[in-house]
Amino acid sequence: MKRMREFDDILNKCIDRVLKGESVEACLAAFPEHAAELEPLLRTAVDTRKAAAILPRQEFRQRTGYEFQAAIRNMKPNKSGFFRRQLRWVTAVSVVVVVLLAGSGTVAASANSMPDQSLYGVKLFTEEVRLVLTSSELEKAELYTKYTDTRVNEIIKMADKGDVEQVVKTTERMNNNLKAIAKLIQPVGEGDIAAEGVPEPLLVAPGTAVTPTPTPAQGNTTAKAPTATLKTAPVPATAPARAVTSNNSKLAVTAKADVTTKANAQARLNTTVSNQAVKNTQDLQETLKTAPDSVKQALEKAIEVAGKGYEEALKNTAQKKK
Amino acid sequence: MHRVTPWLQAGIKKSPALEGSCQVQSEQSLIRRAQQRDQVALTQLYEENFDRIYRYIVFKIGDRTEAEDMTQQVFLNAIQSISSYNCKGMPFSSWLYRIAHNQVVDHLRRKSRRITVPLDESISANEDDPKHVAEQKIEIEEVVAAVKGLTRAQQEVISLRFAGQLSVMEVAKAMGKSEGAVKAMQHGAIAALRKALGKVGVA
C-alpha cells in the first residue's frame with residue numbers, strides 16, 4: 001500500500017514534468033529504479049497530452065473576448081480611485097499586449113472589415129481595447145471621434161449595398177460614439193480635464209438587435225434629408241484639421257498637465273469634430289441621393305442622428321471653451 | 001426537473017478536509033478586484049483561463065461548436081457569480097472548472113448522442129506535414145475513444161489534468177477528493193488508457 005502511494009507520487013511528479021514539456025527520458029533518468037514501470041505510463045501520458053492540446057479557433061477567441069467585454073460593461077463596474085486607476089492601466093497593458101500578440105494577424109485583417117463581415121467583431125473589440133487602455137478623457141474623445149468617422153464610412157458602404165439592417169445597427173453604434181464624445185467633453189469645471197464623469201467605452205456587440213426610434217413619417221423616399229444645424233467651432237490658425245492623435249499622449253501623464261497643451265489639444269478636437277460633422281453629414285446626404293430606395297429611410301435616420309449627435313458634441317466643446 | 005448536483009454524478013463527494021487554502025496574494029488581489037467588477041482584472045482572469053476551459057470542455061464533449069458556446073457561457077456565468085466566490089473554499093481555477101463541469105453535465109444530460117471529436121481543431125499549431133497531421137489525428141481519435149471507456153471519475157481526472165492542466169491539488173479541490181485519491185485515480189486511468197490503446201506492459 002505504502003509502495004503504491006509512493007509510486008503514485010513519483011508518477012504524478014513525472015506527469016507534471018511531461019505536461020510542462022519535459023521528455024519522458026528525463027523523467028526516467030530522474031527515477032531509474034522505477035523506469036521500467038514508469039515508461040509505458042508516461043508514453044501514454046504524452047499521447048493523452050497531445051490529444052488534449054486542442055486549440056480554440058482564433059475567430060472564436062476574438063468574438064468571445066468581445067462579448068465577454070460587453071458582458072462586463074453591462075455589470076456597471078464600480079467607480080475606482082486614482083491609484084486603482086493607475087493599477088488598472090498597468091495591468092491592462094499586460095493583458096492587452098497578450099490579446100493583441102495572440103491575434104495580431106486577425107486584428108490587422110479586421111481593420112478594414114465591414115459590419116456584414118465575420119471579422120467585424122474583432123474590429124469592434126480592438127477599438128474597445130484601445131478605449132480601455134486610454135486613460136485621458138481627451139484622448140478617449142479623440143478615439144470616439146475617429147471611430148465615429150469609421151462608422152459613417154461603414155453606413156455609407158452598407159447603404160450602397162442596400163443592407164438596411166446593418167445601416168440601422170451601425171447608426172446605433174455611431175450614435176453611441178457621438179454620445180460618448182458629448183459626455184467626455186462636456187464642461188465639468190474650469191481646467192478640469194480628467195476627473196469626473198468619465199463614461200466607460202460603449203459597446204454594442206455585433207449582431208445585437210437594435211431597436212431604432214421611430215423615424216419621422218416620410219411622404220416619399222426621395223424627400224429631403226434632415227438637415228443638421230451644425231455650428232462650426234472656431235478653428236485655430238495653427239491647428240491642422242485632422243492631426244488629432246499625434247501629440248496628445250502627454251496629456252495622459254497627469255491631470256495637471258500644462259494648461260496650454262490642454263487648450264491646444266481641446267482646440268484640435270473641436271476642429272476635428274466640427275470638420276467631421278460637416279463632411280460626414282454631407283457624405284451621408286450624397287449617399288442618400290444614390291442609395292437604393294429600400295435603405296433610404298434608415299439612411300435618413302442616420303443623417304438625423306449624426307446631425308443631432310455632432311451638434312450636441314460641438315455645443316459642449318463650445319461651452320467648455322468659455 | 002430537479003437540479004442535478006453535477007459533481008455527484010461522477011460519484012464524487014465534497015470533502016470538508018479540503019477546506020482552507022487560498023491562492024497566492026497576487027491572485028487573491030486580482031480576484032478581489034474582479035469581484036469589485038474591475039474590467040481589467042476580469043479580463044485577465046478570462047485570458048488566463050480561456051484556453052484551458054475550452055480544452056476541458058471540448059475534450060469532454062468532443063464537439064467544437066457546442067464547446068465554443070459552452071465556454072462562452074462558463075465565463076458569462078462566472079462573472080455573474082464571482083462575487084460569491086470564496087478563496088477559502090477552493091482555488092479559483094477549481095471553482096471555474098466546477099462551473100464548466102456543470103455546463104458539461106447539463107449538456108450531456110440534454111443530448112445523449114454519440115460524440116465525435118473535431119479532429120481538425122485538435123492538432124496543435126505549427127503542423128505543416130500532412131502525413132504527420134493525419135497520423136496525429138488517428139492517435140488523438142484513439143486516445144479520446146479510450147478516455148470514454150474510463151470511469152466517470154477517471155475521465156474527470158484526465159480531463160482536468162491533461163486538458164484543463166490543473167495541478168493535482170486543484171483537481172482534488174474541484175472534485176472534493178484528497179490529493180492521494182486523485183493521484184491513485186490518475187494512475188489507474190493512465191494504466192487503463194494504456195490497456196485500451198493496445199500497448200502491452202501496463203504497470
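Predicted model, so just to flag it, every value in this text is computed and none were measured.

Visitor: Can you tell me about the overall build of chain A, naming the residues and giving the values?
Guide: Scanning chain A from N- to C-terminus turns up 11 helices and 0 strands. Along the chain direction, N to C, the helices and strands of chain A fall in the order α-α-α-α-α-α-α-α-α-α-α. Across the 322 residues in chain A, those meeting the buried criterion constitute 48%. Long-range contacts, defined as pairs at least 24 residues apart, comprise 76% of the intrachain contacts of chain A with a sequence gap of at least 6.

Visitor: How would you sum up the nonpolar core? Please name residues and give values.
Guide: Formed by 82 residues in total, the largest nonpolar core has its most connected members in Leu38 and Leu42 of chain A together with Ile57, Phe59, Trp95 and Ile158 of chain B. In this structure, Ile57 of chain B is in contact with Gly62, Ala67, Met70, Thr71, Val74, Ala100 and Val104 of chain B, ignoring residues within four places of it in sequence. In terms of nonpolar packing, the next biggest core, distinct from the first, is built from 37 residues, Leu184, Ala265, Ala277 and Leu288 of chain A among them.

Visitor: Tell me about the packing of helix H8 (residues 152-163) of chain B against helix H10 (residues 179-196) of chain B, residues and numbers included.
Guide: All names here are of chain B. Between H8 and H10, the shortest axis-to-axis distance is 9 Å and the interhelical angle comes to 95 degrees. With respect to each other, H8 and H10 are oriented roughly perpendicular. In contact with Ala153, Gln154, Val157, Ile158, Arg161 and Phe162 of H8, H10 contributes Val182, Met185, Gln186, Gly188, Ala189, Ile190 and Leu193. Here the residues of the contact of H8 with H10 are counted per class, giving 9 nonpolar, 3 polar and 1 charged.

Visitor: Just give me the short version of the confidence of the model for chain B, but keep the residues and values in it.
Guide: Residues and elements named next belong to chain B. Taken over all residues, the pLDDT of chain B has a mean of 78, while the share at 70 or more is 72%. The secondary-structure element of chain B with the lowest mean pLDDT is helix H1 (residues 6-9), recorded at 37, while H10 shows the highest, at 95. Counted against residues more than four places away or in other chains, residues 1-20, with its pLDDT under 50, gives 44 contacts. In this model residues 119-126 is a low-confidence stretch, pLDDT under 50, and it forms 23 contacts with partners more than four residues away in sequence or in other chains.

Visitor: Give me the lowdown on the interface of chain B and chain A, citing residues and values where you can.
Guide: Often the size quoted for an interface is simply the accessible area lost on bringing the parts together. Tallying the contact residues gives 48 residues for chain B and 52 residues for chain A. Buried area between chain B and chain A, both sides added, is near 5000 Å², and the carbon and sulfur share of it is 63%. Three residues, Arg37, Gln39 and Phe162 of chain B, lead the burial of chain B against chain A; their summed loss comes to 14% of the area buried on that side. A salt bridge links Asp16 of chain A to Arg161 of chain B; the shortest N-O distance between them is 2.8 Å. Summed over the shared surface of chain B and chain A, the result is 13 residue pairs in polar contact (both at pLDDT 80 or more). Secondary-structure elements contributing two or more residues to the side of chain B that touches chain A are helix H3 (39-61), helix H4 (64-81), helix H6 (119-122), helix H7 (130-148), H8 and H10 of chain B. It is H3 of chain B that provides the largest number of residues to the side of chain B that touches chain A, a total of 13 residues. Within the side of chain B that touches chain A, the residues separate by chemical class into 24 nonpolar, 11 polar and 13 charged.

Visitor: Go over the pattern of salt bridges, please, and point to the residues and values.
Guide: Residues and elements named next belong to chain A. Scanning the model with the defined rule gives 21 salt bridges over all chains in all. Of the charged contacts, one joins Lys296 and Asp293 as a salt bridge, the two residues approaching to 3.6 Å between their closest N and O atoms. Of this pair, Lys296 and Asp293 both sit in helix H11 (residues 293-321), 3 residues apart, roughly one helical turn. For Lys296, a relative accessible area of 6% translates into the label buried. We classify Asp293 as partly exposed; its relative accessible area is 49%.

Visitor: Got a sec to walk through the packing of aromatic side chains? Specific residues and values, please.
Guide: A complete count under the given rule lists 11 aromatic pairs over all chains for this structure. Aromatic side chains Phe68 of chain A and Tyr46 of chain B sit 4.3 Å apart centroid to centroid with 15 degrees between the ring planes, which places their arrangement in the stacked category. Taken as a pair, Phe68 of chain A in helix H4 (residues 58-74) and Tyr46 of chain B in helix H3 lie in two separate chains rather than in one. A single burial state applies to Phe68 of chain A and to Tyr46 of chain B, both of which are buried. Their ring planes at 85 degrees and their centres at 5.5 Å tell us that Tyr85 of chain B and Phe92 of chain B sit as a pair that is edge-to-face. You'll find Tyr85 of chain B and Phe92 of chain B in the same group, each marked buried. Within the aromatic cluster, the residues linked to one another by ring pairs are Phe60 and Phe68 of chain A together with Tyr46, Phe50, Tyr54 and Phe75 of chain B.

Cut-offs applied
- Counting restarts for each chain: residues are numbered from 1 in the order of the written sequence.
- For this description, chains carry letters from A and ligands carry numbers from 1, given in the order in which they are written.
- In keeping with the model being predicted, local features are shown solely for residues with a pLDDT of at least 70 and side-chain atom pairs are shown and tallied solely at 80 or more, while totals for entire chains, interfaces and linings include all residues.
- Hydrogen atoms and water are omitted, and side-chain values are computed over all heavy atoms in the structure.
- Helix and strand definitions here come from DSSP, where helices need a minimum of 4 consecutive H or I residues and strands a minimum of 2 consecutive E residues; each element is numbered from the N-terminal end.
- Only protein chains enter the accessibility calculation, which uses a 1.4 Å probe. A residue is then buried if its area is under 20% of the maximum for its type, exposed if over 50%, and partly exposed in between.
- The criterion used for residue contact is that any of the two residues' heavy atoms lie within 4.5 Å.
- To form a nonpolar core, buried Ala, Val, Leu, Ile, Met, Phe, Trp, Tyr and Cys residues must be joined to one another through side-chain atoms within 4.5 Å.
- Angular values range over 0 to 180 degrees, each being the angle between N-to-C directions of two axes fitted as lines to C-alpha atoms, with helices fitted over their stretch in contact.
- For classification purposes, an angle smaller than 35 degrees is called roughly parallel, one larger than 145 roughly antiparallel, one from 65 to 115 roughly perpendicular, and anything else oblique.
- Each residue is assigned to one class: nonpolar for Ala, Val, Leu, Ile, Met, Phe, Trp, Tyr, Cys and Pro, charged for Asp, Glu, Lys and Arg, and polar for all the others, Gly among them.
- Per-residue confidence from the predictor is reported as pLDDT, which spans 0 to 100.
- Note: buried area is the sum, over both parts, of the accessible area (probe 1.4 Å) each one loses when the two are combined.
- Any Lys or Arg side-chain nitrogen found within 4 Å of a carboxyl oxygen on Asp or Glu counts as a salt bridge.
- Counting of polar contacts relies on pairs of N or O atoms within 3.5 Å, with two restrictions inside protein: one atom must be capable of donating a hydrogen and the other of accepting it, and residues adjacent in sequence are counted only when both atoms are side-chain atoms.
- In summary, the pairing rule links any two rings of Phe, Tyr or Trp, Trp by its six-membered ring, whose centres are within 6.5 Å, and it sorts them by plane angle into stacked for under 30 degrees, edge-to-face for over 60 and tilted for everything else.

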